[in-house]
Amino acid sequence: GLWGLGLAYTFLPHFIFPFVLLMLIGGILLIASFIDLASFELPDKLTMAACILALAGMPLSPVPKLVLDAVPAVDWAIYAGGAVLLIVFTYIYLETKNILLTPLGAIPAGLAAAYLLEAPMNGPLLGAALGAGLFWLLEVGFRTLRGYEGLGHGDIKLMIVVGALVGWRGLPISIVAGATPALLASVYFMGRATDEGDRTMVPFGPFLSLGAMLYV
């Protein structure tokens, strides 16, 4: 659709790799968004696949061979270690609720690895760590103040993907671009929750994905 046309206009015919990579990630986000709208849940298999594709592929854009030739092997090792720890610690935390894993594991691992690297290698990792960290803080803060969870775990995982796609500089714009239609959609969900007597649940994942895709 429009995503493919926009990517084709931006990258083709000269930059095939980022076109294919972003088409794959966009397809995953689209499928996950429809599932989230229907069930208020982002499947782990889809978010994990998108995380791996985004963190592994974005540093290689736009020309993988040139990047591989230019970046020392030790930098790739640091980047890979930070990316793996960020994903693993985040997913373990959200499954076990061991609160130390995110502030003392996932986020510092990503930030430390990004600190040791130079641009553009550090962009996806820094964006992923800051994005996941911000939404983790929002989740913990809301749960502490209100006594129940106001942010889904899938949204925290999704922010790894969003941050890797847009980098830390693109996070504010992407979040605002996603939050604006989400606020409008919340009117509908609030009406439905009132009818059913439930708390208002708004699937934020599709709107986060939209914000990232608009930025890209």
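Just above, that's the structure.
So, a few notes on the structure that sits alongside this text. (Residues numbered from 1 in each chain as written. Predicted model: local features only at pLDDT ≥ 70, side-chain atom pairs only at ≥ 80, totals over all residues. Heavy atoms only, no water.)

## A short note on a nonpolar patch on the surface
Among the surface-exposed residues, Leu 12, Ile 16, Val 20 and Leu 24 lie close enough to one another that they form a single nonpolar patch of about 320 Å² accessible area. Examined against the element boundaries, Leu 12 turns out to sit in the loop between α1 (2-11) and α2 (16-39). (Patch = residues over 30% accessible without salt bridge, like charges linked within 9 Å, V, L, I, M, F, W, Y side chains within 5 Å. Areas by Shrake-Rupley, 256 points an atom, 1.4 Å probe, with all protein chains shown as cover. Salt bridge = Lys/Arg side-chain N within 4 Å of Asp/Glu carboxyl O. Helix = DSSP H or I, 4+ residues; strand = E, 2+ residues; numbered from the N terminus.)

## Quick word on the packing of helix α3 (residues 44-57) against helix α5 (residues 73-96)
For the pair α3 and α5, interaxial distance at closest approach is 11 Å and the crossing angle is 165°. The angle between α3 and α5 places the two elements in the roughly antiparallel class. As for how α3 packs across α5, the hand of that crossing is right-handed. Facing α3, whose interface residues are Asp 44, Thr 47, Met 48, Cys 51, Ile 52 and Leu 55, α5 presents Tyr 79, Ala 83, Ile 87, Tyr 91 and Glu 95. Broken down by class, the residue content of the contact of α3 with α5 amounts to eight nonpolar, one polar and two charged. (Axes fitted to C-alpha atoms, helices over the stretch in contact; angles between N-to-C directions. Parallel < 35°, antiparallel > 145°, perpendicular 65-115°, else oblique. Left-handed = near helix turned anticlockwise from the far one by under 90°. Contact = heavy atoms within 4.5 Å. Nonpolar A, V, L, I, M, F, W, Y, C, P; charged D, E, K, R; others polar.)

## What about the environment of Gly 163?
Take Gly 163: it is sitting in helix α8 (residues 153-196). Not counting residues up to four positions away in its chain, the partners in contact with Gly 163 are Gly 123, Pro 124, Gly 127, Ala 128 and Leu 171.

## Considering the layout of surface pockets
A volume near 1000 Å³ is recorded for the largest pocket. Around the largest pocket sit 30 residues that line it, and Gly 150, Leu 151, Gly 152, Asp 155 and Val 202 are the ones nearest its centre. Elements that contribute at least two residues to the lining of the largest pocket include exactly α7 (122-146) and α8. No other element matches the 10 residues that α8 contributes to the lining of the largest pocket. Its residues assigned to classes, the lining of the largest pocket comprises 16 nonpolar, six polar and eight charged. (1 Å grid on protein atoms, 1.4 Å probe; cavity = no way out; pocket = protein on both sides within 12 Å on 5 of 7 lines; lining within 4 Å. Points joined across faces, edges and corners; volume = space filled by probe spheres on them.)

## Quick notes on unusual backbone geometry
Here the amide bond leading from Leu 12 into Pro 13 is cis, since omega sits at 5°, within 30 degrees of zero. Structurally, the position occupied by Pro 13 is in the loop between α1 and α2. One non-glycine residue, Phe 40, lies in positive phi territory at about 55°. You can see Phe 40 is positioned in the loop between α2 and α3.

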